[in-house]
Amino acid sequence: MIIVVGAGVAGLAAARRLGMQGQEVSLVAPQEIQPSFGETLSERGAQVLTSLGWASCLDETVALRSQGRFSVWGGAGLRTVQDEDGQGYLLDKARLEQALLERVQKEKTVTIRQTRVLSLEHQPEGVVAQLADGSRLESSALIDCTGRAALSAGAAAERRRVDRLVAAWQVFDLPEEAEPLAASLVEAVELGWWYLSPMPGHRLMVALFSDSDLLPDGLSRDGAVWAGLLACADAARVRMESLGLDSKMAANTPKVSAAASCIVSYFVEGRILRAGDAGAAMDPLAANGVATALWSGSQAAQAALALIQGNPEPARSYEKDYLLGLVRHLNSQHALYGMEQRYQAQPFWQRRHRALD
Ligand SMILES: Cc1cc2nc3c(=O)[nH]c(=O)nc-3n(C[C@H](O)[C@H](O)[C@H](O)COP(=O)(O)OP(=O)(O)OC[C@H]3O[C@@H](n4cnc5c(N)ncnc54)[C@H](O)[C@@H]3O)c2cc1C
């Protein structure tokens with residue numbers, strides 16, 4: 001039996017891939033209500049969903065087909081961003097997770113345990129998990145998909161946090177008469193960048209990404225502080241005003257969520273494989289996190305299957321491919337931040353313009 005810990009997109013992809021191979025799986029997933037969060041799903045992520053037989057999950061309650069991406073980045077003008085692969089989707093991530101979970105529940109070989117894993121113990125031929133309901137689960141291998149909690153990342157994993165990025169965000173219902181284009185907007189400002197993303201259900205996600213130590217005091221207690229910061233973002237402000245949402249911002253305090261990049265040095269440790277944010281939680285600017293979580297969950301599942309059959313090669317390739325992908329991602333992210341030179345004197349940008357080590 002293989003244990004998958006966590007029912008975010010990485011854990012659900014891993015459980016599905018193992019289920020497709022007829023492998024017995026325990027998916028340990030506490031029943032938690034996830035906040036409705038607007039995220040972009042890249043075309044690459046949609047392709048992984050298709051490879052898992054899940055293309056139909058992207059219905060209109062879960063995702064909008066993106067009609068474009070706009071940005072104000074590196075200059076004051078509004079530009080359209082061209083993606084070679086295609087425009088992707090604008091998601092309600094909590095709804096996507098719910099839709100995937102409903103499908104995983106139908107897998108004959110997958111048992112769902114609605115509890116948390118407290119601790120893990122390496123065995124020569126497997127892993128033992130201590131669960132919060134008091135039971136112990138023995139497995140031949142375990143896939144850690146616990147997101148930023150990164151349950152398995154002890155000293156050996158050398159997990160390090162690369163920055164202090166947080167998102168101050170809210171989801172708004174759009175006025176009935178509003179008919180916005182299903183297009184996201186990213187706008188650079190002194191403090192970081194704003195992200196506006198239409199969501200299924202006639203809603204709009206609005207977020208300011210900045211470093212935790214740079215946000216003004218009281219922001220998470222006072223919506224007016226957050227709304228005031230929008231004054232510096234011309235395109236985002238105009239969009240909010242045109243939708244009649246600018247006054248609503250001040251009336252709602254934003255939620256603040258961690259969005260820092262955290263990376264482990266090892267994705268495979270004995271019979272434990274790390275996938276999704278538990279392996280590498282990346283800056284959301286590149287909108288790659290969901291695609292990477294789906295890809296790595298699915299790949300880790302294949303590698304775990306081979307590992308328990310005595311073949312370590314796919315696990316080695318998994319580790320190598322993940323690290324190479326990560327290096328490519330960090331380089332392109334560095335180049336993307338480098339394109340914005342208007343705020344060179346600001347700490348947020350200085351930190352991101354430093355050379356990569
Ligand atoms: C503000 C923000 C905006 C983002 N925007 C985008 C975007 O636009 N596009 C994009 O592609 N990506 C984006 N991302 C990144 C993306 O959301 C993540 O990379 C992706 O969701 C990670 O999925 P995951 O399954 O690895 O982890 P998670 O979704 O975090 O799932 C982890 C699961 O593990 C469970 N868990 C934790 N500990 C335990 C335990 N001990 N036992 C059992 N279960 C446990 C949790 O309950 C949770 O369900 C964004 C991230 C943030 C923070």
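Residues numbered from 1 in each chain as written. Predicted model: local features only at pLDDT ≥ 70, side-chain atom pairs only at ≥ 80, totals over all residues. Heavy atoms only, no water.

1. What about the overall build of the chain?
- Counting its secondary structure elements, the chain contains 9 helices and 22 strands.
- Relative to the globule expectation of 21 Å for 357 residues, the C-alpha radius of gyration of the chain, 21 Å, shows essentially globular dimensions.
- Among the 357 residues that make up the chain, the fraction classed as buried is 50%.
- Here the analysis covers contacts within the chain between residues at least 6 apart in sequence; of these, 71% occur between residues at least 24 apart.
- Accessible surface, the chain: about 15900 Å² in total, of which carbon and sulfur atoms supply 48%.
- Looking at charge distribution, the chain has the averaged site of its 34 positive side-chain charges lying 3 Å from that of its 41 negative ones. (Helix = DSSP H or I, 4+ residues; strand = E, 2+ residues; numbered from the N terminus. Rg over C-alpha atoms; globule rule 2.2 N^0.38 Å. Buried < 20%, exposed > 50% of the residue type's maximum accessible area, 1.4 Å probe, protein only. Contact = heavy atoms within 4.5 Å. Areas by Shrake-Rupley, 256 points an atom, 1.4 Å probe, with all protein chains shown as cover. Lys, Arg positive; Asp, Glu negative; His and termini not counted. Charge placed at Lys NZ, Arg CZ, Asp CG, Glu CD.)

2. Description of the sheet that holds strand S9 (residues 117-123)
- Strand order in the open sheet formed by 3 strands is S9-S10-S11, and the pairing between neighbours is antiparallel. Pairing within the sheet leaves two strands with one partner each, and these edge strands are S9 and strand S11 (136-139). Taken pair by pair, the neighbouring strands of this sheet meet at an average axis angle of 20°, ignoring direction. (Pairing = 2+ DSSP bridges. Axes fitted to C-alpha atoms, helices over the stretch in contact; angles between N-to-C directions.)

3. Re unusual backbone geometry
- Of note in this structure, Ala150 is not a glycine but carries a positive phi near 40°.
- Tracing the chain through its elements places Ala150 in the loop between strand S12 (141-144) and strand S13 (160-161).
- The phi dihedral of Ala287 falls on the positive side, at around 50°, and the residue is not glycine.
- Among the residues examined, Ala287 registers a relative accessible area of 22% and is labelled partly exposed.

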